[in-house]
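Results of the structural survey
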Amino acid sequence: MSVRAGREFLAIPGPTTVPDEVLRAMHRPAVDIYAGPLLALTDSLLRDIARVFNTKGRAYIYISNGHGAWEAALTNVLSRGDKILVLESGRFALGWGDNARRMGVEVEVLKGDMRRAVRPAEVEARLKADKGGTIKAVLVAQIDTASGVVNDIAAIGQAVRAAGHEALLMVDAVASLGCMPFEMDAWGVDVAMSGSQKGMMTPPGLGFVAANDRARQVHKKAGLRTPYWDWTDREGDIHYQKYAGTPPEHLLFGLRQALDLLFEEGLDNVFLRHRLLAEAVRRAIGAWGEGQAIGFNIIEPAERCDTVTTVLLNGGRDPEALRKYCNQKCGVVLGHGIGELAGKGFRIAHMGHVNAPMVLGTLSVIEMALNALAIPHGKGGAQAAIDWLGAQVPA
Ligand SMILES: *Cc1c(COP(=O)(O)O)cnc(C)c1O
């Protein structure tokens, strides 16, 4: 028996649900890449990507996923043999750092762990100890999609300044851009990167990087620059060069529509919607947790992010059975645990084009699975989410 016919719901942290308006915007013939409306479209997108990053600096749009944007960010400001400091709080900053290592960069990891946020005081102390200024950049993820943590980028920026250190602050905002505030200039972020397929509600295939003037100064002497990623090549007036080749026009049509949706709703409203839906998820898990078999990965409530919640199953219970039930019986696809959480937990994404029925439906299906698989849990998780959300959203 299954009740999965109907639209499958992706509750994985990327790619996320693409709005029908975005899909429709892409369904059209190709257009000229040398003249006509595409040129103005590029200008509007570069301006608006800088706007969502909240920077007066420059934005760059690549045909790539997040991994490509990682490489774009690194190659434009680093040289072989440079040293960087990677702030651990899950998997993703480490992954970015691994890429840098493979490009000949020396990587030091500021030890953290899978269950908590980066501690800004530790960043400050490490940078203060770097008397000779050998550390050229600090890498951190705003939200780590494996652990479900949110790092306080404002406080980390403050820590870098308090240490009086020259290192560039480089932030991965793939799982957070368009879902929560990102104040690149106000927080002292020099380079930020993201991708199209999470909070930006566009199919996978676009990578975004933003750089301030300081980063663009450092760029001039960067030894790792390559033709495809190079900022300088993309900054000229020739449209074709802004993409180092043929522009990904259909993805650009989609992105324009997605940005229009975000601005129409209002970014503050978008962020509040994410916060409310995330808290609804947390209320449900809090109720289920009373059975002791299920709980949050991130220990400190204030460090749980608003786009993905990482849930642990205790006592050696197999999260894959739960994911399989949700998918095969009910058409809800949950994220699996990654890194050291593989086989130990699952992830509920609540990022991008999501609303109350999507999130409440997902929670109800998980509760069905907990019952069906006889996983001990406190009753009424979905009800707790409904009660809380209802109180926040009065008539
Ligand atoms: C998804 C993700 C990435 C990687 O993006 P891809 O598009 O899969 O290459 C990097 N960092 C974070 C925080 C992510 O969530």
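Residue indices follow the written sequence of each chain, beginning from 1 at its first position. Given that this is a predicted model, residues contribute local features only at a pLDDT of at least 70 and side-chain atom pairs are listed and counted only at 80 or more, while totals for whole chains, interfaces and linings are drawn from all residues. Only heavy atoms go into the side-chain values, all of them from the structure, while hydrogens and water stay out.

**Overview of the sheet that holds strand 12 (residues 308-313)**
As a reminder of what qualifies: In this description, strands pair whenever DSSP reports at least two bridges between them. Only runs of H or I of at least four residues qualify as helices and only runs of E of at least two qualify as strands under DSSP, and these elements are numbered from the N terminus. In this description, a line fitted to the C-alpha atoms serves as the axis of each element, helices being fitted only across the stretch in contact, and the angle between N-to-C directions of two axes falls anywhere from 0 to 180 degrees. Only heavy atoms matter for contacts: two residues are in contact if any of them lie within 4.5 Å across the pair.
An order of 1-13-14-12-11 is seen for the five strands of this open sheet, with the pairing classed as mixed. Looking at the sheet topology across the chains shown, the edges are occupied by strand 1 (9-11) and strand 11 (294-296). In this sheet, adjacent strand axes meet at a mean angle of 35° when their direction is disregarded. Note that strand 11 and strand 12 share three bridges and pair antiparallel. What sits directly across from Ile294, in strand 12, is Leu313. Its contacts with the sheet put helix 12 (residues 319-330) on strand 12, strand 13 (332-336) and strand 14 (345-349), and the angle it makes with strand 13 is roughly 160°.

**Remarks on unusual backbone geometry**
Keep this limit in mind: Throughout, exposure labels follow a simple rule: accessible area from a 1.4 Å probe, protein chains only, divided by the maximum for the residue type, with under 20% read as buried, over 50% as exposed, and the rest as partly exposed.
Pro15 follows Gly14 through a cis peptide bond whose omega is 0°. Unusually for a residue other than glycine, Met201 sits at a positive phi of about 60°. Along the chain, Met201 falls in the loop between strand 9 (191-195) and strand 10 (206-211). Of the residues examined, Met201 reaches a relative accessible area of 4% and is grouped as buried. With phi around 50°, Ala244 is a residue other than glycine that occupies positive phi space. Structurally, Ala244 is set in the loop between helix 9 (239-242) and helix 10 (249-265).

**Some points on the side chain of Arg273**
As a reminder, the rule being used: Under the rule applied, a polar contact is a pair of N or O atoms within 3.5 Å (in protein, one hydrogen donor and one hydrogen acceptor; residues adjacent in sequence only if both atoms are side-chain atoms).
Relative to the assigned elements, Arg273 resides in helix 11 (residues 267-288). Among the polar contacts made by the side chain of Arg273, one reaches the main-chain carbonyl oxygen of Val354 at a distance of 2.9 Å. Leaving out residues up to four positions away in the same chain, Arg273 has contacts with Glu265, Gly352 and Val354.

**Thoughts on the packing of helix 11 against helix 13 (residues 356-372)**
Rules: The scheme is simple: roughly parallel for angles under 35 degrees, roughly antiparallel for over 145, roughly perpendicular for 65 to 115, oblique for anything else. Take the far helix as the reference: if the near one is turned anticlockwise from it by less than a right angle, the crossing is left-handed, and if turned clockwise, right-handed. Ten residue types, Ala, Val, Leu, Ile, Met, Phe, Trp, Tyr, Cys and Pro, are classed as nonpolar, four, Asp, Glu, Lys and Arg, as charged, and the remainder, Gly among them, as polar.
The interhelical angle for the contact between helix 11 and helix 13, taken along N-to-C directions, is 15°, at an axis separation of 10 Å. One way to sum up the angle between helix 11 and helix 13 is to call them roughly parallel. The handedness of the crossing between helix 11 and helix 13 is right-handed. Side by side, helix 11 and helix 13 meet where Leu277, Ala280, Val281, Ala284 and Trp288 of the first sit next to Ala356, Val359, Leu363, Ile366, Glu367 and Leu370 of the second. Residues that form the contact of helix 11 with helix 13 fall into these classes: ten nonpolar, no polar and one charged.

**Considerations on the UniProt feature "domain: Aminotransferase class V" (unreviewed entry) in the protein**
This is how the line gets drawn: UniProt positions are given in the numbering used here, feature names are shortened, and annotations may be inferred rather than shown by experiment.
The feature "domain: Aminotransferase class V" (unreviewed entry), as given by UniProt, occupies residues 47-336 in the numbering adopted here. Structurally, residues 47-336 comprises 40% helix and 20% strand, and the distance from its first C-alpha atom to its last is 36 Å.

**A short note on the pattern of salt bridges**
For the record, the criterion: Salt bridges are counted wherever a side-chain nitrogen of Lys or Arg sits within 4 Å of a carboxyl oxygen of Asp or Glu.
For the coordinates displayed, the defined rule picks out 23 salt bridges. Note that Lys242 is salt-bridged to Asp43, the shortest N-O span being 3.6 Å. In this pair, Lys242 sits in helix 9 while Asp43 sits in helix 2 (residues 37-53), placing the two residues 199 residues apart along the sequence. Look at Lys242 and you get buried, because its relative accessible area is 16%. With a closest N to O distance of 2.9 Å, Arg283 and Glu279 form a salt bridge.

**So, a nonpolar patch on the surface**
The condition that has to hold: What makes a patch is a set of residues exposed beyond 30% relative accessible area and free of salt bridges, joined within 9 Å when like-charged and within 5 Å when nonpolar (Val, Leu, Ile, Met, Phe, Trp, Tyr). Only the protein chains shown count as cover for residues, with accessible areas throughout obtained via the Shrake-Rupley method and a probe of 1.4 Å.
A cluster of nonpolar side chains, contributed by Met1, Val3 and Met368, occupies part of the molecular surface with about 350 Å² of accessible area. Looking at where Val3 falls in the secondary structure, it is placed in the segment before strand 1.

**Observations concerning the side chain of Asp82**
Going by this rule: Working convention for charge: Lys and Arg count positive, Asp and Glu count negative, and His plus the chain ends are omitted.
Residue position: Asp82 is located in the loop between helix 3 (66-77) and strand 3 (83-87). Buried charged residue Asp82 carries no salt bridge. Nearest counter-charge: Lys136, at 5.7 Å. Engagement of the side chain of Asp82 in a polar contact is seen with the backbone nitrogen of Ser79, the distance being 2.9 Å. Beyond its immediate chain neighbours, meaning those up to four positions away, Asp82 contacts Val77, Val105, Glu106 and Lys136.

**Focus on the sheet that holds strand 5 (residues 135-141)**
Judged by pairing direction, the sheet is mixed, and its seven strands sit side by side in the order 2-10-9-8-5-3-4 without closing on themselves. Among the strands making up the open sheet, the edge pair consists of strand 2 (58-63) and strand 4 (106-110). Taken over all neighbouring pairs, the strand axes of this sheet differ in orientation by 20° on average, direction set aside. Examined bridge by bridge, strand 5 and strand 8 (residues 168-172) share five bridges and lie parallel to one another. The residue of strand 8 that forms the bridge with Val138 is Leu169. The sheet contacts of helix 4 (residues 92-102) involve strand 3, strand 4, strand 5, strand 8 and strand 9, and relative to strand 5 the element is tilted by about 145°.

**Here's the deal with the site of the ligand**
As a reminder, the rule being used: Definition of nearness: a residue and a molecule or strand are near each other if at least one heavy atom of the residue lies within 4 Å of the molecule or strand.
Residues in contact with the ligand, as listed here, are Asn65, Gly66, His67, Trp70, Phe92, Ile143, Thr145, Asp172, Val174, Ala175, Gln197 and Lys198. Take His67: an N or O atom from its side chain is 2.4 Å from an oxygen atom of the ligand. A distance of 2.6 Å is found between an oxygen atom of the ligand and a side-chain nitrogen or oxygen belonging to Gln197. When the ligand is considered free in solution it has 380 Å² of accessible area, and contact with the protein chains removes 90% of it. Counting residues per element, the shell around the ligand draws most heavily on helix 3, which supplies three residues. Counted by class, the shell around the ligand contains five nonpolar, five polar and two charged residues.

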